[in-house]
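Structural characterization, general
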Amino acid sequence: MEKILIVYHSQSGNTKAAAENVAEGAKQARAKVTVKEALRATVKDLLSCDAIAVGTPDYFSYMAGGLKDFFDRTYYPTQGSVTDKPCGIFVTHGGGGKAVESVKNICATFKFKVIGKPVLIKDRPDKEAITQLVNLGKLLTQTAKQQK
Ligand SMILES: Cc1cc2nc3c(=O)[nH]c(=O)nc-3n(C[C@H](O)[C@H](O)[C@H](O)COP(=O)(O)O)c2cc1C
């Protein structure tokens, strides 16, 4: 069973809702899913998963500090051990969404294999965004399965 880790930061619930949609897709594809608030996610969580999805609100055209903290804490201890780990990205925003570039850059530095297109969601996920997020969870699980 593939282990999928979903790490997110959320202040007013939009990104949390999106994380739960990704989790739903991964569960439908029969993954073992762990959903963690970014400030609580650990090096062990990252090392032990088969694929990761990272989610953040756009704050001032950058990722939220909570997700940045996760990346800051886990970078050195995981360097060389997470190369090509499948990774999905989702970003909620209020009409901008430029923060996605900061997430893509850090994921490239970790050497994750970014799967699919980052999902950009205006505020709370609507029906169309939910479909994209569920599909991201499924795709991540399928990719992790193929890579094992
Ligand atoms: C401090 C702060 C800064 C923000 N900056 C931006 C921004 O630069 N561009 C944008 O599109 N939305 C911006 N927003 C809106 C949030 O990205 C948006 O409401 C998001 O969905 C909130 O996610 P959450 O409910 O998971 O906390 C900002 C919100 C806050 C609180």
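Above this text is the structure in question.
Anyway, here's the lowdown on the structure attached to this text.

Description of helix H3 (residues 65–78)
The end-to-end C-alpha distance of H3 is 20 Å, a good match for the 20 Å that 14 residues give at a rise of 1.5 Å each. Every buried residue of H3 is accounted for by Gly66, Leu67, Phe70, Phe71, Thr74 and Thr78. In an axial view of H3, the angular spread of the buried residues amounts to 130°, which keeps them on one side of the axis. Among the exposed residues of H3, those oriented more than 90 degrees off its buried face are Gly65 and Tyr76. On its buried side, H3 packs onto strand S1 (3–8), helix H2 (43–48), strand S3 (51–59), strand S4 (62–63) and helix H4 (99–110). Just beyond H3, the residue with positive phi is Gly80, at close to 85°.

Describing the site of the ligand
What surrounds the ligand is a group of 17 residues, the closest being Ser10, Ser12, Thr15, Asp58 and Gly96. Ser10 places a side-chain nitrogen or oxygen 2.6 Å from an oxygen atom of the ligand. Between the ligand and Tyr59, the relevant distance is 3.5 Å, taken from an oxygen atom to a side-chain nitrogen or oxygen of the residue. Of all the elements, S3 adds the most residues to the shell around the ligand, at three residues. Of the residues contributing to the shell around the ligand, the split by class is three nonpolar, 13 polar and one charged.

As for the nonpolar core
Val7, Ile52, Val54, Phe70, Phe71 and Phe112 are the most contacted members of the largest nonpolar core, which has 23 residues in total. Secondary-structure elements contributing two or more residues to this core are S1, S3, H3, strand S5 (86–93) and H4. With residues up to four places along the chain from it excluded, the contact list for Ile52 reads Leu5, Val7, Leu46, Phe70, Pro86, Cys87, Gly88, Phe112 and Leu140. If you look at the next biggest cluster of nonpolar residues, it comprises 21 residues, including Ile6, Ala51, Phe90 and Ala144.

Focus on the pairing of S5
For S5, the tally of buried residues reaches eight of eight residues, placing the bulk of the element in the interior. Burial of the side chains of S5 extends over both faces: Pro86, Gly88, Phe90 and Thr92 are buried on one face and Cys87, Ile89, Val91 and His93 on the other. Examined bridge by bridge, S3 and S5 share six bridges and lie parallel to one another. Paired with Thr56 across the bridge in S5 is Val91. Pairing between S5 and strand S6 (residues 113–114): two bridges, direction parallel. Paired with Cys87 across the two strands is Val114, which belongs to S6. For the crossover from S5 across H4 to S6, the handedness is right-handed.

Things to note about the pairing of strand S2 (residues 32–37)
Where S1 and S2 come together, six bridges link them in parallel fashion. Considered in S2, the bridge of Ile6 is made with Val35. The β-α-β motif built from S1, the intervening helix H1 (residues 14–28) and the parallel element S2 has right-handed crossover chirality.

Some points on the packing of H1 against helix H5 (residues 127–147)
Put simply, H1 and H5 touch, their axes get as near as 7 Å, and they point 45° apart. In terms of their interaxial angle, H1 and H5 are classed as oblique. Here the hand of the crossing between H1 and H5 comes out right-handed. On H5, the residues that touch Ala18, Asn21, Val22, Gly25, Ala26 and Gln28 of H1 are Ile130, Leu133, Val134, Leu136, Gly137, Lys138 and Thr141. The class makeup of the residues in the contact of H1 with H5 is seven nonpolar, five polar and one charged.

Here is what the cut-offs are and how they apply
- Counting from 1, residues in each chain are numbered in the order their sequence is written.
- Local features in this predicted model are restricted to residues whose pLDDT is 70 or higher, and side-chain atom pairs enter the listing and the counts only when it is 80 or higher, whereas totals over whole chains, interfaces and linings include all residues.
- Calculated side-chain values reflect all of the structure's heavy atoms, with hydrogen atoms and water omitted.
- In this text, helices come from DSSP runs of H or I with a minimum length of four residues, and strands from runs of E with a minimum of two, each type numbered from the N-terminal end.
- The span you would expect from a helix comes to 1.5 Å times its residue count less one.
- Three labels apply to residues, based on accessible area from a 1.4 Å probe with only protein chains included: buried if under 20% of the type maximum, exposed if over 50%, partly exposed otherwise in between.
- As used here, the arc belongs to the directions running from the helix axis to the C-beta atoms.
- Contact definition: two residues touch when any of their heavy atoms are within 4.5 Å.
- Only heavy atoms are used to decide nearness, and a residue is near a molecule or strand if one of them lies within 4 Å of it.
- Polar contact criterion, stated in full: a pair of N or O atoms within 3.5 Å, where within protein one must be able to donate a hydrogen and the other to accept it, and residues adjacent in sequence count only if both atoms are side-chain atoms.
- Just so you know the grouping, Ala, Val, Leu, Ile, Met, Phe, Trp, Tyr, Cys and Pro go in nonpolar, Asp, Glu, Lys and Arg go in charged, and all remaining residues, Gly too, go in polar.
- Nine residue types can take part in a nonpolar core, namely buried Ala, Val, Leu, Ile, Met, Phe, Trp, Tyr and Cys, and a core is a set of them joined through side-chain atoms within 4.5 Å.
- In this analysis, strands are considered paired if DSSP registers two or more bridges between them.
- Consider the strands pointing away from the viewer: the crossover is right-handed when the path from the first strand over the helix to the second runs clockwise.
- Only the stretch in contact is used when fitting a helix axis, every axis being a line fitted to C-alpha atoms; angles between N-to-C directions are given from 0 to 180 degrees.
- Relative orientations are named as follows: roughly parallel for angles under 35 degrees, roughly antiparallel for angles over 145 degrees, roughly perpendicular for angles from 65 to 115 degrees, and oblique for any other angle.
- Should the near helix be turned anticlockwise from the far one by less than a right angle, the crossing is left-handed, and should it be turned clockwise, the crossing is right-handed.

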